[in-house]
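Structural overview
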Amino acid sequence: MTTALSHIRSMNVVVSLDDDGSLDVRAQGRMSQQAWNDALEFAKEFKPEIIQDLKIETDMKGLLRDVGAKIETGPKLVFIPPLDGPSVDQARWDLAMELEGMFWEAYEKGMI
């Protein structure tokens, strides 16, 4: 499954969120005027989906960092150091559960 985010990236375009949460669309390199117009039209049409996917991606990267985890081929979620139960570190456990939910959401959308 291809997401709107992965599709627009395949068009040689870089997308990101500005500080105010609006979508920033830039050409990654040189492209024809028609290709640029097509990319902008796609970005306008699928703006909510692209923004949502960028937010999921950003949130997931933050949780991966905060929890101490990475995504490996498979895909699988690997905790470093291994995740102990909630009785050992409740805060890390709670973040890991949030990350796991996001991981599966991203997987189901085809983002991973």
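Computed from a predicted model, the values in this text were never measured in an experiment.

Rules used in this analysis
Residues numbered from 1 in each chain as written. Predicted model: local features only at pLDDT ≥ 70, side-chain atom pairs only at ≥ 80, totals over all residues. Heavy atoms only, no water. Phe/Tyr/Trp six-rings, centres within 6.5 Å; stacked < 30°, edge-to-face > 60°. Helix = DSSP H or I, 4+ residues; strand = E, 2+ residues; numbered from the N terminus. Buried < 20%, exposed > 50% of the residue type's maximum accessible area, 1.4 Å probe, protein only. Expected span 1.5 Å × (residues − 1). Contact = heavy atoms within 4.5 Å. Salt bridge = Lys/Arg side-chain N within 4 Å of Asp/Glu carboxyl O. Axes fitted to C-alpha atoms, helices over the stretch in contact; angles between N-to-C directions. Parallel < 35°, antiparallel > 145°, perpendicular 65-115°, else oblique. Nonpolar A, V, L, I, M, F, W, Y, C, P; charged D, E, K, R; others polar. pLDDT = per-residue confidence, 0-100.

Points about the packing of aromatic side chains
- Overall, the coordinates contain 3 aromatic pairs when judged by the stated rule.
- Ring geometry for Trp 104 against Tyr 107: centres 5.5 Å apart, planes inclined by 85 degrees, an arrangement best described as edge-to-face. With Trp 104 and Tyr 107 both in helix α4 (residues 90-109), this residue pair falls 3 residues apart, about one helical turn.
- Through successive ring pairs, a cluster of aromatic residues spans Phe 103, Trp 104 and Tyr 107.

Examining unusual backbone geometry
- Here Gly 74 and Pro 75 are connected by a cis peptide whose omega angle stands at -15 degrees.
- Tracing the sequence through the fold places Pro 75 in the loop between β3 (69-72) and β4 (76-79).
- Cis geometry marks the peptide bond from Ile 80 to Pro 81; its omega dihedral reads -5 degrees.
- Along the chain, Pro 81 falls in the loop between β4 and α4.
- One non-glycine residue, Asn 12, lies in positive phi territory at about 70 degrees.
- Checked against the element boundaries, Asn 12 lands in the loop between α1 (4-10) and β1 (13-17).
- Given a relative accessible area of 30%, Asn 12 falls into the partly exposed group.

Notes on helix α2 (residues 33-45)
- Spanning 13 residues, α2 covers 18 Å between terminal C-alpha atoms, matching the ideal 18 Å at 1.5 Å per step.
- Contacts from the buried residues of α2 go to α1, β1, β2 (23-27) and α3 (47-67).

Some points on the pattern of salt bridges
- Under the counting rule described, the total for this entry stands at 5 salt bridges.
- Its salt-bridge partner being Asp 66, residue Arg 65 comes within 3.5 Å of it at the nearest N-O pair.
- For Asp 66, a relative accessible area of 48% puts it in the partly exposed group.
- Residue Lys 70 pairs with Glu 72 through a salt bridge whose shortest N-O separation is 3.2 Å.

Side note on the packing of α2 against α3
- Between α2 and α3, whose axes approach to 5 Å, the crossing angle comes to 80 degrees. One element, α2, and the other, α3, form an angle in the roughly perpendicular class. Here Phe 42, Ala 43, Lys 44 and Glu 45 of α2 come into contact with α3, specifically with Lys 47, Pro 48, Glu 49 and Ile 50.
- For the contact of α2 with α3, a count of residues per class yields 4 nonpolar, no polar and 4 charged.

Comments concerning the confidence of the model for the protein
- Within the protein, residue pLDDT values average 92, and 99% of them lie at 70 or more.
- Highest mean pLDDT in the protein belongs to α2 (95); lowest belongs to α4 (92).

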